[in-house]
Amino acid sequence: MIRRSLLRGLSAALAALPLLVAGGARAEERVVNIYNWSDYIDPKVLEDFSKETGIKVVYDTYDNNEVLETKLLAGKSGYDVVVPSGPFLQRLIKAGVFLPLDKSKIPNLKNVWPEIAGRLQAYDPGNTFAVDYMWGTTGLGVNVAAVRERLGANAALNSWSLVLNPSTMAKLKDCGVMLLDSPEDLIPSILPFYGYKVDSKRWDDITTVTDALYKVRGAVRKFHSSEYVNGLANGDLCLAVGYSGDVLQAKKRAEESKNGVEIAYFIPKEGTLMWFDAFAIPKDAPHPAEAYAFIDYMMRPEVAAANTNFVAYANGNLPSQKFVKPDILKDPGIYPDEATMQRLSTNTAWNDTTQRFVTRAWTRVRTGR
């Protein structure tokens, strides 16, 4: 407000003085500061929220949980609503970062999907601090024609062997391979390929995965957690390990551009990680009332569906499925069938010692040193 008043000049400031004296808080603009993943919400939802409530949305984005965690642990982030992923949510809850939710202020919690809320409790027992926004899987984004051209018509595209077999990766190197720069997602997702549980904390199990990734790193063009969307869409990549909705966004962009690129998303048959991004309110949020208003609005079925239709991720709102586009709702890569759901698992946060071990192992994978 101060910057805007100065720009209007002293006369405007003096003209506003009676209102400030008489109206007090009424003269202050209502604001909610959101910190969320990039490309992860329908902009029209934000516009409609502001129109209806009069609350201005200040919306910042990030590309990995570590950035969010650092800001929140430092305190006074200035954010009112943040969207951490499962293990980071768990760790930040233990650090005392979040406000316990006053559920009476979120009447639309009646719309939560019980199964998703239940699985989220692996990180937030009793759903005390968080409300699921979106959920999905980590899997394989494939340029079908390019991969089949190199591997043959009968190659299995729904297996982690596509990534972990050095000879296979050598054949795909020229058409472009990108992997997530996210060890907390990639390592647990691959553990089932070796018969280990997604939530394994054994260093030997983790080393099996990182050693396998080290052997194929030479065929990986880049480790990045968002660039693969455009890379797949425009044909610069033929294989990416990424998040379900991101790959399906790439598919949509390719179809809209009519560039002849066919992208498909596969949940690996061996199993993979099921992840959750959830709304939470920092304990020092400057505008908690506006934060509650925002979360409640986002839990309206029509609003949750609008976001799913925009980003191609499943949401944690069961009644919203009536408003989700049929091609999204029926896509098994977004809303898996029951048999596939049984192959999806959640993981919990690594302790500090294991986190340091993983960081060293992941640095070796990324850099070759």
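Remember, it's a predicted structure, so these values are computed and weren't measured experimentally.

Conventions adopted
Residues numbered from 1 in each chain as written. Predicted model: local features only at pLDDT ≥ 70, side-chain atom pairs only at ≥ 80, totals over all residues. Heavy atoms only, no water. Helix = DSSP H or I, 4+ residues; strand = E, 2+ residues; numbered from the N terminus. Buried < 20%, exposed > 50% of the residue type's maximum accessible area, 1.4 Å probe, protein only. Contact = heavy atoms within 4.5 Å. Lys, Arg positive; Asp, Glu negative; His and termini not counted. Charge placed at Lys NZ, Arg CZ, Asp CG, Glu CD. Domains from an automatic or database assignment. Buried area = accessible area lost by both parts, 1.4 Å probe. Salt bridge = Lys/Arg side-chain N within 4 Å of Asp/Glu carboxyl O. Polar contact = N/O pair within 3.5 Å; in protein donor to acceptor, adjacent residues only side chain to side chain. Nonpolar A, V, L, I, M, F, W, Y, C, P; charged D, E, K, R; others polar. Pairing = 2+ DSSP bridges. Axes fitted to C-alpha atoms, helices over the stretch in contact; angles between N-to-C directions.

Visitor: Quick one: what's the story with the overall build of the protein chain, residue by residue and with numbers?
Guide: When helices and strands are tallied, the protein chain shows 18 helices and eleven strands. With respect to the three principal axes, the spread of C-alpha positions in the protein chain is 75 × 50 × 40 Å. Classification of the 369 residues of the protein chain by burial places 52% in the buried group. Look at the contacts in the protein chain between residues 6 or more apart in sequence, and 74% of them connect residues 24 or more apart. Charged side chains in the protein chain number 43 positive and 42 negative. The centres of these two groups are separated by 2 Å.

Visitor: Which residues make up the domain arrangement of the protein chain, and what values do they have?
Guide: One widely used convention gives an interface's size as the accessible area the parts lose upon coming together. We note that the domain assignment places domain 1 (31-136 + 275-335) and domain 2 (137-273 + 349-367) within the protein chain. Relative to domain 2, the C-alpha centre of domain 1 lies at a distance of 26 Å. The partner domain 2 presents 18 residues to the 19 residues of domain 1 that form the contact. Between domain 1 and domain 2, a total of about 1500 Å² is buried, with carbon and sulfur atoms accounting for 48% of that surface. When residues of domain 1 are sorted by the area they lose upon contact with domain 2, Arg91, Trp275 and Tyr313 head the list and together hold 32% of the total. Seen at the junction of domain 1 and domain 2, the total is zero salt bridges. Across the contact surface, domain 1 and domain 2 share five residue pairs in polar contact (both at pLDDT 80 or more). Among the secondary structure elements, those contributing two or more residues to the side of domain 1 that touches domain 2 are helix H4 (65-74), helix H5 (86-94) and helix H15 (301-311). No other element matches H5, which puts four residues into the side of domain 1 that touches domain 2. For the side of domain 1 that touches domain 2, the class distribution of residues is nine nonpolar, five polar and five charged.

Visitor: Which residues make up the environment of Thr53, and what values go with them?
Guide: If you trace the backbone, Thr53 turns up in helix H3 (residues 43-53). Under the relative-accessibility criterion, Thr53 is labelled partly exposed at 27%. Along the backbone, Thr53 and Glu290 are 237 residues apart, and their C-alpha atoms lie at a distance of 9.3 Å. From its side chain, Thr53 meets the backbone oxygen of Phe49 in a polar contact 2.7 Å long. At 3.1 Å, the side chain of Thr53 and the backbone nitrogen of Ile55 are in polar contact.

Visitor: Could you give me a rundown of the sheet that holds strand E1 (residues 31-37), with the residues and numbers involved?
Guide: Ordered by their spatial adjacency, three strands build an open sheet running E2-E1-E3, and the pairing between neighbours is parallel. Only two strands of the sheet have a single partner each, and these edge strands are strand E2 (56-62) and strand E3 (81-82). As defined by bridge partners, E1 adjoins E2 across seven bridges and the pair is classed as parallel. Of the residues in E2, the one forming a bridge with Val32 is Val57. With respect to the sheet, H3 is in contact with E1 and E2, its orientation differing from that of E2 by roughly 155°. Lying on the sheet, helix H14 (residues 288-298) is in contact with E1 and E3; it crosses E1 at an angle near 55°.

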